[in-house]
Amino acid sequence: MFKIKRKAEKPKPMVLYNIVEDYSEFDAPGNVTVCAMTLMEDLAAHAKVLAESYDVPLDRITAVLMQGGVYVYPQTGGLLTRGLFACIVDPANTGPKQTFVLDLMQFAEAEQLVRARAISLEAAAVEVFHRTLPEELKAKLRQKNLGLDYRALDRSVAKGGDIKYIDFRKDWSPHFKRLCIMPDGRLVETGGLEEFARLHGITTAQAKTLVEQGGTLEVRDEVLACQIVNGQPAVARFSATNYAKARELAASRGLHLMDALSEVAYNDSAMMRGLARKALVSRSR
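Residues numbered from 1 in each chain as written. Predicted model: local features only at pLDDT ≥ 70, side-chain atom pairs only at ≥ 80, totals over all residues. Heavy atoms only, no water.

### As for the sheet that holds strand β5 (residues 97-102)
Here six strands make up an open sheet; going across it, the order is β1-β2-β6-β5-β4-β3 and the pairing mixed. Unpaired on one side and paired on the other, β1 (19-23) and β3 (69-72) mark the two borders of the sheet. Ignoring which end each strand starts from, the neighbouring axes of this sheet average 15° apart. By the bridge criterion, three bridges tie β5 to strand β6 (residues 165-169) in an arrangement that is parallel. (Pairing = 2+ DSSP bridges. Helix = DSSP H or I, 4+ residues; strand = E, 2+ residues; numbered from the N terminus. Axes fitted to C-alpha atoms, helices over the stretch in contact; angles between N-to-C directions.)

Here is the structure:
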């Protein structure tokens, strides 16, 4: 008899978030992407991803995720160059765990609050962070489960019950998707720099430079254009024809290439449909 070998089951991809709401177009420093999870937290996976994202030692971030508290970034050459990472855990367990990062200016403001009002750094960090958020998001955070209508949620999301944790993120992470408008108006989602680089046939280093600094990158006869809006990258890919139109426009009218590309996009019906869909998707998340 011949034994039939079973194919090894592929490991299921890790799911870190199943609810994502984009507030990245709000004024900095309140420009965040709300990444939430209704399923039970995989602490090891959650800690690993956040440690990699925020450059915090794994053991420290694991402890903070378990107990709540803050991690203050160490000084570099005698100077503070970064703020802090915070995890807020409701002692009564009536609300979701929340994680966020304060930049250096926000950290300084939190330290002033600590001295002025004799409160903990954790409490001051929460006050400073929430103060900057969009009013719409502030209102949602006062409601259970962000005020979501669970009847309208996908069953796989709703079956998890209440939201277990919320990460307020600003980075380009593999664990939530960002949209790129393609030349034919399609919206293509990618998660993380490597997937974005594969989609466009560029190196990860090129992708990192583009989404961190903005600007343009030629890809064969086409071009990728990235604008940094409130610290968040917005990416579109232009066809060879539209790229040529933009270069001609820039030369004839003395425009910056990015401005010329924007004008070409607004006159392209397919790309405008993509922009309209992107706006609808952002509002519905």
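### Details of the confidence of the model for the protein
The share of residues in the protein with pLDDT of 70 or more is 87%, and the mean pLDDT across the chain is 85. Low pLDDT, under 50, characterises residues 280-285; the stretch is placed with seven contacts to residues that sit more than four places away or in other chains. (pLDDT = per-residue confidence, 0-100. Contact = heavy atoms within 4.5 Å.)

### Some thoughts on the side chain of Gln-98
The topology assignment puts Gln-98 in strand β5. Accessibility expressed as a relative area gives 14% for Gln-98, which makes it buried. Here His-130 takes part through its side chain, which lies 3.4 Å from a polar atom of the side chain of Gln-98. (Buried < 20%, exposed > 50% of the residue type's maximum accessible area, 1.4 Å probe, protein only. Polar contact = N/O pair within 3.5 Å; in protein donor to acceptor, adjacent residues only side chain to side chain.)

### Focus: helix α9 (residues 240-253)
Helix length check: α9, at 14 residues, gives a terminal C-alpha distance of 20 Å against a target of 20 Å (1.5 Å per residue), a fit within 8%. The complete set of buried residues in α9 reads Asn-242, Tyr-243, Ala-246, Leu-249 and Ala-250. Summarising the axial view, the buried residues of α9 lie within an arc of 125°, below the 170-degree limit, and thus occupy one face. In α9, the exposed positions angled more than 90 degrees off the buried face are occupied by Thr-241, Glu-248, Ala-251 and Ser-252. Directly after α9, the chain includes Gly-254, whose backbone phi takes a positive value near 65°. (Expected span 1.5 Å × (residues − 1). Arc of directions from axis to C-beta.)

### A short note on a nonpolar patch on the surface
A cluster of nonpolar side chains, contributed by Val-72, Leu-80 and Leu-104, occupies part of the molecular surface with about 190 Å² of accessible area. Structurally, Leu-80 can be placed in the loop between β3 and β4 (84-88). (Patch = residues over 30% accessible without salt bridge, like charges linked within 9 Å, V, L, I, M, F, W, Y side chains within 5 Å. Areas by Shrake-Rupley, 256 points an atom, 1.4 Å probe, with all protein chains shown as cover. Salt bridge = Lys/Arg side-chain N within 4 Å of Asp/Glu carboxyl O.)

### A closer look at the packing of α9 against helix α10 (residues 257-266)
Relative orientation of the contacting elements α9 and α10 amounts to 125°, with a least axis distance of 8 Å. Here α10 runs oblique to α9, going by the angle between their axes. Here α9 runs over α10; the crossing is right-handed. Contacts between α9 and α10 involve Asn-242, Tyr-243, Lys-245, Ala-246, Arg-247, Leu-249, Ala-250 and Arg-253 on the former and, on the latter, Leu-257, Ala-260, Leu-261, Glu-263 and Val-264. When the residues that make up the contact of α9 with α10 are grouped by side-chain class, the tally is eight nonpolar, one polar and four charged. (Parallel < 35°, antiparallel > 145°, perpendicular 65-115°, else oblique. Left-handed = near helix turned anticlockwise from the far one by under 90°. Nonpolar A, V, L, I, M, F, W, Y, C, P; charged D, E, K, R; others polar.)

### Things to note about the pattern of salt bridges
On inspection of all chains with the given rule, the structure shows 14 salt bridges. A salt bridge links Lys-97 to Glu-41, with the shortest nitrogen-to-oxygen separation between them at 2.8 Å. A residue pair is termed long-range when its members are at least 10 positions apart, and Lys-97 in strand β5 and Glu-41 in the loop between β2 (32-37) and α1 (43-54) qualify at 56 residues. Assessed through its relative accessible area of 12%, Lys-97 is described here as buried. The exposure class assigned to Glu-41 is partly exposed, which follows from its relative accessible area of 24%.

### A short note on helix α7 (residues 193-200)
Among the residues of α7, those classed as buried are Leu-193, Phe-196, Ala-197 and His-200. Down the axis of α7, the smallest arc covering the buried residues is 100°, so these residues share one side. Opposite the buried face of α7, by more than 90 degrees, sit the exposed residues Glu-194 and Arg-198.

### A word on the nonpolar core
By size, the foremost hydrophobic cluster in this structure holds 25 residues, and its most contacted members are Val-32, Val-34, Phe-100, Leu-137, Ile-166 and Phe-168. Secondary-structure elements contributing two or more residues to this core are β1, β2, β4, β5, α3 (104-117), α4 (121-131), α5 (135-141) and β6. In terms of residue count, α4 provides more of this core than any other element does, four residues in total. If we skip the residues at most four places from it in the chain, Leu-137 touches Tyr-23, Val-32, Val-34 and Phe-168. With 19 residues, the next largest nonpolar core counts Leu-16, Met-37, Val-56 and Tyr-165 among its residues. (Core = buried A, V, L, I, M, F, W, Y, C linked by side-chain atoms within 4.5 Å.)

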